Structure formats: C-alpha cells, structure tokens
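Observations on the model geometry
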Amino acid sequence: MGGPTVEDLRERVRGVVTTPADEGYEEARRVYNGMIDRRPAAVVRVANAGDVITAVQYARETGLELAVRGGAHSAPGFGTCDDGLVIDFSGQRGVRIDPQGRTARCEGGVTWGDLNSAGYAFGLGVTGGIISTTGIAGLTLNGGFGHLARGLGLSCDNLISADVVTADGRFHTVSAEQEPDLFWALRGGGGNFGVVTSFEFRLSPVKDVIAGPMVFELEYAGDVLRFYREFIKDAPEQLGLFPGFHIAPPLPFVPEDRVGDNFILLVPCWSGPPEDADKVLAPLRDAAPMLAEGVGPVPYPAFGAAFDPLLPPGLQQYWKGVFAGELTDGAIETHLAHGGLVPTVNSGVHIYPINGACHRVPADGTAFAYRDATFATVIVGVWPDPADDAANTAWVRDYYADLAPHSESGGYIGFMDHDDQHRIRANYRGNYDRLVELKQRYDPDNLFHLNQNIR
C-alpha cells in the first residue's frame, strides 16, 4: 500500500485493525451473504466517529478501495471488498432512548433488534426491517420498509438528524435545518454521500401487537392476492400486512404432515387498540379457506424477529425487487406461475404495501422517489449449498424477468443485487439529477462507490 502503512493506521485509531496476518481475520472479513468471499487488506472495527474520520482519510491517502459495513446484510456484498479497507461498525451498537422527547439516538452498527428492544421498554418504536438482524444504517439510507410503514412512514421519514463523515474527512451533523441538502440525500440515497456514524429517529407509541402468519393452500393464491390488492387500499393504517410465498417450516400451528410444502401466507401486524384486532383481521380470515394460523398478541420486538430463524448468516443469497402502483392481473398470474416454486425453506417472496403515511411525503421530499407506488415486491433466493447457486439464482432471475413487464422500471435500492447497477436512474426517477449534483459536491471522486452507485 502506498503512503501510510497499516501500522500507522493502528496507531491513529482507538478501534481494532485486522489484516490477513492477524488472528481473527477470517471472522473479521465475513459478511452475511455466504456467496460473498472477499479478502480486504484491512478491517477497521471502529470505536468512535474519530476512527471513521481517520479511516476515510487513510483510504484517500493510500488510494485503497473503501467499503462500509453496518449490519453486513447487503446482498451484493457492498460491506466488503478485495484488497481494500473496510470500516466495520459491528462494535458500535449503542442506543439511547429519550422517552420524553420520543427519540432514539443510535450508533452506526445498531440492528433493528437492538432498537426495537430498547424502545419497547418505553412503549416506543419506529418503522424497521422484517429481519431484526438487519442494520438500521443500510435500511434507513435506502428508505426502509417494515410492519409499521403504513402508519408511521418509511424508516427514512422518521429520521430527524444524522452525523456523517464525508469523503473529505469532514464531520457533519445534518437535519432538515442544518445542511438540508445532504440530509435529503441520505434519506433514500444509500451510502453514496458519506459514512453515517449515528442516527436520530422520531419514535411513536408501539408496544405489543397482534400479529403472525395466516397460511393458505397454493390453490387459493389467486384469491388471496386479489383480496389483498383491494383490501390494503383502505385498510386502517395501523395494520401492516403483506402476502408471501414460503415453504412451511416446522412451527407449532402448521400440521406436521404439511411441513416442507409450499404455501401462500398473509402476515398481518396490528399495532392499534387490541380490542379492535378481531374486527380488523376478520376479512383476512375470510379471504380464502385457511390451513393454519399463528396470529396472536406478541411484543413488537419478538414479532420483528419472527423471520430471523429462516435467514441465519452464512447462507447463499441472491435478490431482486420491483415497485408497482397496482397489483395487476398480469402480475398476479406471474406470481401464481413462480411463487409456488420457492426452492428452499429460507427463500421467499413478499409483496410489501407502501401506501398510507408513505404516500403523504412528496416524491421530491426525500431521495426515495416512488411515493406513488403501492407495492414493493422482493424475490429472495436463500440456500445453504453453493452447488445450488445456478439453479436458485435462475429461479430469482426468471421470476423477476416475468414480473418486470407488470411493474415500474425502478425498484427498491435495498432489494437490488450486484447486477442491478443499470437500474440506478430508474430507481431514483426525477430525483436522480439532484442526487448527481450532490454527489459531485460531497464525493466528486466517488470514494463511496461500493453501493448502488450514483456516479
């Protein structure tokens, strides 16, 4: 490496610097997606914002490629690189709740499980991910869907302020009042503009929810999807609800002889008054004959982790996603053709609703542009054996290829994989040119390019 040495870097940071010569390197270089096998020159497990400033400056001085790792869930593996420098936030997981002000200040490595649990003690929460081990950083910077989005908006809509280190090594605190352009770009623009070292969220009352899966036979999938597209338009906003195609895992409410079969689910999450749950959920139970149901009262953090067992770290992963304003008959036919072919118990297809509060933010109010979309579909291929890479990747690609004609040209940044760079302009629509201008201002040399890159 030209310029400063790794030993210089060690002396300049409080955190731990791990290189290929150090014990623990194999663990330090590992990320969530088992398909990603890269060997960085150094991983800096940062201890504070000063370490981030130092690491960014070091990457610039040495010309090393720079990757930033929050929760490490990035399906394309953007949280690591070959022969470059990784800023690793895994040791930065502090959460401070202000119950009077209803805010949370979170360090850069916090996961949604961390934040959900911290807020639960005060009866407070915010829109977060479906998997609790997901980092708040990647999800929020990309937009952020979750069970609470229809009532509370996207994760990025609840971001009040952020501390960020830009490519020149400068530290900024941004908000709607302070450097509003950079704050605008962070809310949906991904990791293109800097390294966020802390996030401040607005919280809302959330405690226990009425939630869980409703399981229907595949033969009723068309009925379930047609019901869903109409019902979700005017459903109470405190109801999170999405349909999904899954293979049934061994759960107490699933008949033992049906474990391993493919089904379609409805997954409600009612965060409103518990006494209203039966009335709100009754239409769902009548959508089609139901095989099994696991709906009941549950602490919100527990439900936020309900899908975690299906997605442990180290499995092979490949993703695709689309937006749609309408779940058309053609889209439903595509889901019927492919959804029942989910290849592994870890894989699945979810059709998230993004209406309600999500629609009350203008398309140019944040970098996240698809404020008129109603549905965000994600096709997630996840499997344990690398020998199945070709077949399972093909399932995801074929599904996406057939669904794309019934969808918007752009999709959600967080559902994109490594081969989706050509979709960047479509993903940002009319906000793209402004994002390019801000990229030129804050990162003209494109130091932060290991992302869905705005050039």
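Everything discussed here concerns the structure shown above.
Please read these numbers as outputs of a predicted model, since none were measured by experiment.

**Re the sheet that holds strand β8 (residues 159–165)**
Strand order across the open sheet formed by 5 strands is β5-β6-β10-β8-β9, with antiparallel pairing between neighbours. At either end of the open sheet lies a strand with only one pairing partner, and these are β5 (95–98) and β9 (171–175). Adjacent strand axes in the sheet meet at a mean angle of 15 degrees when their direction is disregarded. Along the sheet face, helix α3 (residues 49–62) touches β8, β9 and β10 (195–202) and points at about 140 degrees away from the line of β10. The sheet strands contacting helix α4 (residues 112–120) are β5, β6 (103–107) and β10, and the helix crosses β5 at an angle near 35 degrees.

**Here we look at the environment of Pro-76**
On the secondary structure map, Pro-76 appears in the loop between β3 (66–69) and β4 (85–88). Distance from Pro-76 to Ala-390, taken between C-alpha atoms, is 16 Å for residues 314 residues apart in sequence. For Pro-76, the contacting residues outside a window of four places in its chain are Ile-36, Arg-38, Met-416, Asp-417, His-418 and Gln-452.

**Observations regarding empty space enclosed by the protein**
For the structure on display, the rule yields 4 cavities of 30 Å³ or more. Around the second largest cavity sit Ile-130, Phe-145, Gly-146, His-147, Arg-150, Gly-240, Leu-241, Phe-242, Tyr-352 and Pro-353, which together line it. Contributing elements (two or more residues each) for the lining of the second largest cavity: β14 (239–247) and β19 (348–353). Ranked by the residues each element gives to the lining of the second largest cavity, the list is headed by β14, at 3 residues. Looking at the lining of the second largest cavity residue by residue, the classes come out as 6 nonpolar, 3 polar and 1 charged.

**What about the nonpolar core?**
The biggest cluster of nonpolar side chains holds 77 residues, and the ones touching the most others in it are Leu-115, Phe-145, Leu-186, Phe-201 and Phe-323. A total of 5 residues in this core trace back to one element, the largest contributor, which is helix α7 (residues 180–186). Apart from the residues within four sequence positions on either side, Leu-115 is in contact with Val-95, Ile-97, Ala-104, Cys-106, Val-110, Val-126, Ile-136 and Phe-201. If you look at the next biggest cluster of nonpolar residues, it comprises 41 residues, including Phe-231, Leu-241, Ala-277 and Leu-403.

**Quick look at the sheet that holds β4**
Taken in spatial order, the 4 strands of this open sheet run β1-β2-β4-β3, and their pairing is mixed. Two strands close off the open sheet at either side, each with one partner strand: β1 (16–18) and β3. Direction aside, neighbouring strands of the sheet carry axes that sit 20 degrees apart on average. Sheet topology places β3 next to β4; 4 bridges connect them, and they run parallel. Bridging from a neighbouring strand, Arg-69 pairs with Asp-88 of β4. Packed on one face of the sheet, α3 meets β3 and β4 and runs near 170 degrees to β4.

**Here we look at the layout of surface pockets**
Its boundaries defined by the atoms lining it, the largest pocket holds a volume of some 600 Å³. Together, 25 residues line the largest pocket, and Glu-27, Arg-30, Arg-69, Ala-72 and Ser-90 are the ones closest to its centre. Its boundaries defined by the atoms lining it, the second largest pocket holds a volume of some 440 Å³. Lining the second largest pocket are 24 residues, with Pro-213, Leu-251, Phe-253, Ala-306 and Phe-307 sitting closest to its centre. When contributions to the lining of the second largest pocket are tallied by element, the ones reaching two or more residues are β14, β15 (262–270), β17 (296–299) and α10 (300–304). Class assignment of the residues belonging to the lining of the second largest pocket gives a composition of 20 nonpolar, 4 polar and no charged.

**Points about helix α9 (residues 277–285)**
Residues that lie three or four places apart on an α-helix share one face, since the helix turns once every 3.6 residues. Along α9, the residues classified as buried are Ala-277, Val-280, Leu-281 and Leu-284. Buried residues of α9, seen end-on, are gathered within an arc of 85 degrees and therefore sit on one face of the element. Facing away from the buried surface of α9 by more than 90 degrees, the exposed residues are Asp-278 and Lys-279. Contact partners of the buried residues in α9: β12 (208–211), β13 (214–216), α8 (221–234), β14 and β15.

**Considering the environment of Ala-357**
Considering the arrangement of structural elements, one finds Ala-357 in the loop between β19 and β20 (375–383). Residue class for Ala-357 comes out buried when judged on its relative accessible area of 10%. With 299 residues separating them along the chain, Ala-357 and Tyr-58 place their C-alpha atoms 42 Å apart. Ignoring any residue separated from it by four or fewer positions in sequence, one finds Ala-357 in contact with Ala-149, Arg-150, Gly-151, Leu-152, Gly-153 and Glu-237.

**With respect to the state of the cysteines**
Scanning the entire structure with this criterion turns up 0 disulfides. With no disulfide partner, Cys-106 has as its closest neighbouring cysteine sulfur the one in Cys-156, 15 Å distant. Between Cys-358, a cysteine without a disulfide, and Cys-156, which holds the nearest cysteine sulfur, the sulfur-to-sulfur distance is 8.8 Å.

**Section: the packing of aromatic side chains**
A full pass over the atoms with the stated rule returns 17 aromatic pairs. Ring centres of Phe-145 and Phe-323 lie 6.3 Å apart, and the angle between their planes is 85 degrees; on these two criteria the pair is classed as edge-to-face. Of this pair, Phe-145 sits in the loop between α5 (136–142) and α6 (149–152) while Phe-323 sits in strand β18 (residues 316–324); the two residues are 178 residues apart in sequence, bridging distant segments of the chain. Its relative accessible area of 1% is what places Phe-323 among the buried residues. Over the face of the ring belonging to Tyr-120 we find Lys-207, whose NZ or CZ atom lies 4.0 Å from the ring centre. The aromatic ring of Tyr-370 is capped on one face by Arg-429, whose charged end is 3.9 Å from the ring centroid.

**Focus: unusual backbone geometry**
What is expected of a backbone is that most residues other than glycine have negative phi and most peptide bonds are trans. Positive phi values are uncommon outside glycine, yet Ala-72 reaches one of about 70 degrees. By the element assignment, Ala-72 lies in the loop between β3 and β4. For Arg-429, which is not a glycine, the phi torsion comes out positive at approximately 50 degrees. By the secondary structure assignment, Arg-429 is in the loop between α13 (424–428) and α14 (432–442).

Here is what the cut-offs are and how they apply
- Residues numbered from 1 in each chain as written.
- Predicted model: local features only at pLDDT ≥ 70, side-chain atom pairs only at ≥ 80, totals over all residues.
- Heavy atoms only, no water.
- Pairing = 2+ DSSP bridges.
- Helix = DSSP H or I, 4+ residues; strand = E, 2+ residues; numbered from the N terminus.
- Axes fitted to C-alpha atoms, helices over the stretch in contact; angles between N-to-C directions.
- Contact = heavy atoms within 4.5 Å.
- 1 Å grid on protein atoms, 1.4 Å probe; cavity = no way out; pocket = protein on both sides within 12 Å on 5 of 7 lines; lining within 4 Å.
- Points joined across faces, edges and corners; volume = space filled by probe spheres on them.
- Nonpolar A, V, L, I, M, F, W, Y, C, P; charged D, E, K, R; others polar.
- Core = buried A, V, L, I, M, F, W, Y, C linked by side-chain atoms within 4.5 Å.
- Buried < 20%, exposed > 50% of the residue type's maximum accessible area, 1.4 Å probe, protein only.
- Arc of directions from axis to C-beta.
- Disulfide = S-S within 2.5 Å.
- Phe/Tyr/Trp six-rings, centres within 6.5 Å; stacked < 30°, edge-to-face > 60°.
- Lys NZ or Arg CZ within 6 Å of the ring centre and 35° of its normal.

In short, geometric facts, not functional conclusions.
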